[in-house]
Protein chains: 2
Amino acid sequence: MNRIFNDPDLMVEDAVSGYLKAHDDLVSATTNPRVIKVKSAPKAGKVGVVTGGGSGHEPAFLGYVGEDMVDAVAVGEIFSSPTAQAFFDAFKASNGGAGVACLYGNYAGDNMNVKMAVKMAAKEGIAVKTVVANDDVASAPKDELAKRRGVAGEILMWKVGAARAAEGGSLDEVIAAAQKAIDNTRSIGIGLSPCTIVAVGHPNFQIKDGEMEVGIGHHGEPGVSVMKTKPAAEMADMMLDYVLPDLPFAAGDKVAVLLSGLGATPIMELYILYNRIAEVLGQKKIAIKHNFVGNYFTSLEMMGATLTVMRLDDELDRLLARPARSIGLVK
Amino acid sequence: MNRIFNDPDLMVEDAVSGYLKAHDDLVSATTNPRVIKVKSAPKAGKVGVVTGGGSGHEPAFLGYVGEDMVDAVAVGEIFSSPTAQAFFDAFKASNGGAGVACLYGNYAGDNMNVKMAVKMAAKEGIAVKTVVANDDVASAPKDELAKRRGVAGEILMWKVGAARAAEGGSLDEVIAAAQKAIDNTRSIGIGLSPCTIVAVGHPNFQIKDGEMEVGIGHHGEPGVSVMKTKPAAEMADMMLDYVLPDLPFAAGDKVAVLLSGLGATPIMELYILYNRIAEVLGQKKIAIKHNFVGNYFTSLEMMGATLTVMRLDDELDRLLARPARSIGLVK
């Protein structure tokens, strides 16, 4: 296994340590080694914006901590939820007295730990409200939205929520903006290779040579179908065929498109995929107002990509456009 | 081969097309489909900054076209030099009447084509001067600097040259700054897996499971040694042991550090490597003034990383710090 690590059980510690050394102009450690905050947090009177999730998805989650972005992040083990204590400490690190918006993804561990952390915060008088991202159309049918996982759409939710908080929005306004963001967002992934957690030592699932898995989750959760690999244009068409009817998106819509590699996909191949996505959206009279193409939400060294499309109204457009600075996203 | 492409022979066309669609606020096509320029180029009175190289290294080379960055880029086939015509057309696209600085890497094809393009430009009265990057310490001994390849140090050379041009520097001043940048820069790579050009269909070289190749080039050029994989800290120490004595760097130096993944390396593993690099430089009293950790100069889906260290004086420090906007690098 040709990877870069010291002790396989201390990869998160080492990575967080390196991240803090690299970006000490922007972020800082807290008393909890699994919580990182933007240096300027907490800001008095501003709603704190918190997220958290497992490691191995870099730049998610910690890379979206920044100025006018996420204020504090709870860092989990690789592909595992952060602890309730880490979420709670992230709430405290970001709390400027106006409450905390915890914007996270719909996974069992995260749900449980956030719920506990919200109770811990309530006891200390910190108001925390949550939005749970569920943008992955492949993870459950449309009539079971609450079962759907959160994937790269979370990034757009964070950007929107954080921008609303930076504008001076109240906790309810931040929550409403973030909820609207994710409600108008749909994603799907295609996996072309598995990935390996170093401490486990073997791939967490299999994808055969010449096959791809449509709808795969960020931890190798089964997708909706396994099929022969297709030309990029057909991959793009298929992703759009899952995403567009689900909301549904329609002619005249303005959208943001986020196309993320899963880790090992060459950047030029993401642009090959984007080329077709932009072409088809143009044909359908859906206008791309913001786009993000790159490694925004990865799964270690998985090969493949996720497509995220968000329908914009004036508020979402304005909030996405607002300047922000983080390692994962600069506007 | 589970990759994202349509016609394997048209991958560059498709990727360039997608890149132009994604970033049409910043860059634009030219009459030569293999030349991309920043929208604002040419700027009257400003020295044009040009680079070029093979595709498959994204965000290099085209991703470094931007505001106060590279003005125009010549795009080659995957792992192949752009044509002389493409370099020439890039010179014309960036020429604002103050001459053009062509800052590129030391490869046989690029040398030949740039040389021809410079002659073509001279016939049209466009003054072009060149700097050839040769930062890869593993590619030739120190007494044969002219044989060394250019690798990720090129990015710092482009940043410095482009910033000097943006400041209003003359062609000679831009060339002098870029030459000083690369003269003070040293790099080395470690390869952990090979990569595959889709049109070829099999890996361009082999790295065995459990082995790594120290000093590997961006196209699989042989390194200085193949050995068993080592813990990240030992990889970092080894990279520094090649890079630091070569210039040499010494206590009291201020430096920029660029740690780039080769394509498939999980971002968290780059931070694990950076953690040790920053630690050792600290112990050696070498101060990191700028750092860049991420996928800055890749080789398709190769696993591994390159370390680049640049010694700074006040001018280089100032030029690296100057704001700039490109897909690959934002300051």
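The coordinates are above.
The notes below deal with the structure included here. On a predicted model such as this, the values are computed, not experimentally measured, just so you know.

A short note on the side chain of E269 of chain A
Thinking step 1. Relative to the helices and strands, E269 of chain A resides in helix α7 (residues 267–283).
Thinking step 2. Of note is the side chain of E269 of chain A, whose polar atom sits 3.0 Å from the backbone nitrogen of I4 of chain B.
Thinking step 3. The contacts of E269 of chain A, once residues within four sequence positions are left out, are R3, I4, M11 and V198 of chain B.

Comments concerning the environment of H23 of chain A
Thinking step 1. Secondary-structure assignment places H23 of chain A in the loop between α1 (11–22) and β1 (27–29).
Thinking step 2. Residues H23 of chain A and S326 of chain A, spaced 303 residues apart in sequence, show a C-alpha to C-alpha distance of 9.6 Å.
Thinking step 3. When neighbours within four sequence positions are excluded, H23 of chain A is seen to be in contact with I327 of chain A together with Y271 and N291 of chain B.
Thinking step 4. Among the polar contacts listed, one links the side chain of H23 of chain A to the side chain of Y271 of chain B, at a separation of 2.6 Å.

Observations regarding the relation of the copies chain A and chain B
Thinking step 1. For the pair chain A and chain B, the superposition axis carries a translation of 0.0 Å, the fit reaches an RMSD of 0.0 Å, and the rotation angle comes to 180°. On the angle and the small slide along the axis, the relation comes out as a two-fold axis. Residues of chain A ranked by C-alpha distance from the rotation axis are headed by A264 of chain A, positioned 1.9 Å from it.
Thinking step 2. Taken together, the interface assignments show that 100% of the residues at the interface of chain A recur at the interface of chain B, consistent with an identical surface on both copies.

Re the side chain of K159 of chain A
Residues and elements named next belong to chain A.
Thinking step 1. The topology assignment puts K159 in helix α4 (residues 153–166).
Thinking step 2. Buried and unpaired, K159 has no salt bridge, with D68 as the nearest side chain of opposite charge at 7.5 Å.
Thinking step 3. In this structure, K159 is in contact with M69, L319, L320, R322, A324, L329 and K331, ignoring residues within four places of it in sequence.

Points about helix α2 (residues 84–94) of chain A
Every α-helix winds through 3.6 residues per turn, so residues three or four apart in the chain are directed the same way.
Thinking step 1. The buried fraction of α2 of chain A amounts to nine of the 11 residues, a majority that puts the element mostly inside the structure.
Thinking step 2. Here the buried face of α2 of chain A lies against β2 (35–38), β3 (48–55), β5 (72–78), β6 (100–105), α3 (108–123) and β7 (128–133) of chain A.

Rules behind the numbers
- Residues numbered from 1 in each chain as written.
- Chains lettered and ligands numbered in written order.
- Predicted model: local features only at pLDDT ≥ 70, side-chain atom pairs only at ≥ 80, totals over all residues.
- Heavy atoms only, no water.
- Helix = DSSP H or I, 4+ residues; strand = E, 2+ residues; numbered from the N terminus.
- Polar contact = N/O pair within 3.5 Å; in protein donor to acceptor, adjacent residues only side chain to side chain.
- Contact = heavy atoms within 4.5 Å.
- Least-squares fit on C-alpha atoms with pLDDT ≥ 70 in both.
- Buried < 20%, exposed > 50% of the residue type's maximum accessible area, 1.4 Å probe, protein only.
- Lys, Arg positive; Asp, Glu negative; His and termini not counted.
- Salt bridge = Lys/Arg side-chain N within 4 Å of Asp/Glu carboxyl O.

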